[in-house]
Amino acid sequence: MPALVLLGAQWGDEGKGKATDLLGGSVDYVVRYQGGNNAGHTVVVGDQKYALHLLPSGILSPGCIPVIGNGVVVDPSVLLSELSGLNERGVDTSKLLISGNAHIITPYNVTIDKVTERFLGKRRIGTTGRGIGPTYADKINRVGIRVQDLYDESILTQKVEAALDVKNQILTKLYNRRAIAANQVVEELLGYAEQLKPYVADTVLILNKALDEDKVVLFEGGQGTLLDIDHGTYPFVTSSNPTAGGACTGSGVGPTRISRVIGILKAYTTRVGAGPFPTELFDEDGEALRRIGGERGVTTGRDRRCGWFDAVIARYATRVNGLTDFFLTKLDVLTGWEQIPVCVAYEIDGQRVEELPYSQTDFHHAKPIYEYLPGWQEDITKAKTFSDLPKNAQNYVKALEEMSGAPISAIGVGPGRDETIQINSFL
Ligand code: GDP
Ligand code: IMO
Ligand code: MG
């Protein structure tokens, strides 16, 4: 039975947290498969607002088992403080499962993330500074520390010493920083081991058995398609695979078991950090989208860059993820415009281009070609069905669907769980 993937179709912050939470009541497991506490997912339940970074948004649904898969990078101090923050608010977190194969974000990885960005100066990526890139680099370089290493002091010590051998050379000789003492790192990491132990499990086995028993498993992506290390706007990307394939490698569940891939798509576009963004606005429209949409980063508090909807990107997301559905979010934010520009293609060096160019240089030169769709003035936040929407809002949704290449099966008209129009069921 069904394994569903829910992922960001743009540059992150599309509303994945809300969408996952909405489904949380009907699924048995919610699995994070990549990224770490670079993610910031806001979930609004009644009058309560939760900001989750590392924990899957399913943690807020009592019947659901939250899982941190092997593809995730885990900062133990962040994880423990997120858990205790939720416990203080009465959320039961005891069912959490963490893969023993997930990699640990060590304190030196956080340091290296920050000093590297500083060193890059104008060329910086604008990372969240959470140690994500250096931790994935260690994983690929085979000098990473895994959750299971916390339970073997001798192995942990050897691995931290090996990792720091090279890093201390870089820190002291290249970046002019103090060396980091291996024993202090080991001591800090061992200090988390006991608290984390009840959650550590063979998540690959558990998830596959759950699917054998017809349980419903939902994979919740962090970041978004255009931030994917392989398919995003490299090098202005994150260091993991938020795209659908990442759900398999990051959890140990094979692709044949995945029945549905849902792309979360904002009704306009935002981006945090550096990198190309063809429909970015620098005028009062951009300011209005930021203000009305509350477009400020949940993790870093940075203002998000805002722009109009980009159908070229949506089509690309459909293709690289094999999307079966879209969940269109924040349609309510667009209320009040006379007409709404939608980017249907790019102009690159005088040529009309319909699909995302593979060349980074071309993408940097892409200028949006807009079509102008009539706007609406009515409040749509109370709409429960598609026909409750004003005609122009209906037409906007239909036009986006046609341009984007997959059916829009749900529409967000507000941040709350119930502020959603469900068109087709996801299960
Ligand atoms: P995520 O990282 O993809 O989970 O998204 P974020 O939580 O970073 O950003 C999305 C923001 O939009 C959050 O503040 C949500 O509460 C909010 N949100 C989600 N869906 C809707 C919607 O349909 N309408 C409005 N107005 N806000 C929404
Ligand atoms: P959610 O899950 C938006 C961006 C950073 C930076 C780039 C690399 O909330 O959608 P990193 O720290 O990952 O090495 O930074 O990726 N970024 C995000 N942007 N939403 C996110 O997560 C992001 N996670 C990372 O701003 O440009
Ligand atoms: Mg976010």
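Each value, and the rule that gives it
- Residues numbered from 1 in each chain as written.
- Chains lettered and ligands numbered in written order.
- Predicted model: local features only at pLDDT ≥ 70, side-chain atom pairs only at ≥ 80, totals over all residues.
- Heavy atoms only, no water.
- Helix = DSSP H or I, 4+ residues; strand = E, 2+ residues; numbered from the N terminus.
- Rg over C-alpha atoms; globule rule 2.2 N^0.38 Å.
- Buried < 20%, exposed > 50% of the residue type's maximum accessible area, 1.4 Å probe, protein only.
- Contact = heavy atoms within 4.5 Å.
- Areas by Shrake-Rupley, 256 points an atom, 1.4 Å probe, with all protein chains shown as cover.
- Patch = residues over 30% accessible without salt bridge, like charges linked within 9 Å, V, L, I, M, F, W, Y side chains within 5 Å.
- Salt bridge = Lys/Arg side-chain N within 4 Å of Asp/Glu carboxyl O.
- Lys, Arg positive; Asp, Glu negative; His and termini not counted.
- Charge placed at Lys NZ, Arg CZ, Asp CG, Glu CD.
- Polar contact = N/O pair within 3.5 Å; in protein donor to acceptor, adjacent residues only side chain to side chain.
- Axes fitted to C-alpha atoms, helices over the stretch in contact; angles between N-to-C directions.
- Parallel < 35°, antiparallel > 145°, perpendicular 65-115°, else oblique.
- Left-handed = near helix turned anticlockwise from the far one by under 90°.
- Nonpolar A, V, L, I, M, F, W, Y, C, P; charged D, E, K, R; others polar.
- Pairing = 2+ DSSP bridges.
- Domains from an automatic or database assignment.
- Buried area = accessible area lost by both parts, 1.4 Å probe.
- Near = heavy atom within 4 Å.

(A) Seen up close, the overall build of the chain. Secondary structure assignment for the chain yields 12 helices and 20 strands. The C-alpha atoms of the chain give 22 Å as radius of gyration, which agrees with the globular expectation for 427 residues (22 Å, within 12%). The principal-axis extent of the C-alpha atoms belonging to the chain is close to 65 × 50 × 40 Å. Considering the chain as a whole, with its 427 residues, one finds that 57% of them fall into the buried category. Of the contacts formed within the chain by residues at least 6 apart in sequence, a portion of 75% connects residues at least 24 apart. Accessible surface, the chain: about 17700 Å² in total, of which carbon and sulfur atoms supply 51%.

(B) Just a positive patch on the surface, in detail. There is a patch of like positive charges on the surface, built from K114, R118, R177 and R178. Relative to the helices and strands, R178 resides in the loop between α5 (153-174) and α6 (182-196). By relative accessible area, which is 75% here, R178 ends up exposed.

(C) Region of the structure containing helix α9 (residues 284-293). Burial in α9 covers these residues: G286, A288, L289, R290 and G293. Lining the buried residues of α9 we find β13 (305-307). Structurally, the start of α9 carries an N-cap: the backbone nitrogen of D285 is 3.1 Å from a side-chain oxygen of D283.

(D) Quick peek at the packing of helix α2 (residues 76-88) against α6. Running from N to C, α2 and α6 point in directions that differ by 40 degrees, and their axes come no closer than 10 Å. One finds that α2 runs oblique with respect to α6. Regarding α2 and α6, the two cross each other, and that crossing is left-handed. On the side of α2, the interface is formed by P76, S77, L79 and L80, while α6 contributes L189, Y192, Q195 and L196. For the contact of α2 with α6, the residue count by class is six nonpolar, two polar and no charged.

(E) Local environment of the sheet that holds strand β11 (residues 258-266). As summarised here, the arrangement of the 10 strands in space is β9-β7-β5-β2-β10-β1-β11-β15-β19-β20, forming an open sheet in which the pairing is mixed. Edge positions in the open sheet fall to β9 (200-201) and β20 (420-422), since each of these has one partner strand only. Across four bridges, strand β2 (residues 29-32) lies against strand β10 (residues 217-220) in parallel orientation. Paired with Y29 across the two strands is V217, which belongs to β10.

(F) Molecular detail of the domain arrangement of the chain. When the domains of the chain are assigned, the result is domain 1 (3-91 + 203-422) and domain 2 (103-198). Averaged C-alpha coordinates put domain 1 and domain 2 at centres separated by 29 Å. Taken together, the contact between domain 1 and domain 2 spans 26 residues of the former and 19 residues of the latter. Of all residues in domain 1, the largest losses of buried area upon contact with domain 2 belong to V73, P76 and L80, amounting jointly to 30% of the total for that side. Where domain 1 packs against domain 2, one counts zero salt bridges. Residue contributions to the side of domain 1 that touches domain 2 peak at four residues, all from α2. For the side of domain 1 that touches domain 2, the class distribution of residues is 10 nonpolar, 14 polar and two charged.

(G) Geometry of a nonpolar patch on the surface. Taken together, F119, V166, I170 and L174 make up a surface patch of nonpolar side chains, about 380 Å² in accessible area. In terms of residue count, α5 provides more of the nonpolar patch than any other element does, three residues in total. Along the chain, F119 falls in helix α3 (residues 107-120).

(H) The arrangement of the site of ligand 1 in detail. The immediate surroundings of ligand 1 are formed by 19 residues, with K16, G17, G40, T42 and D332 found nearest. One nitrogen or oxygen atom from the main chain of K330 is found 2.9 Å from an oxygen atom belonging to ligand 1. Taking V413, its main chain carries an N or O atom lying 3.5 Å from an oxygen atom of ligand 1. Taking 580 Å² as the accessible area of ligand 1 by itself, protein coverage stands at 92%. Contributions of two or more residues to the shell around ligand 1 are made by α1 (16-24) and β3 (41-45). Examining the composition of the shell around ligand 1, we find that three residues originate from one element, α1, more than from any other. Split into classes, the residues belonging to the shell around ligand 1 amount to four nonpolar, eight polar and seven charged.

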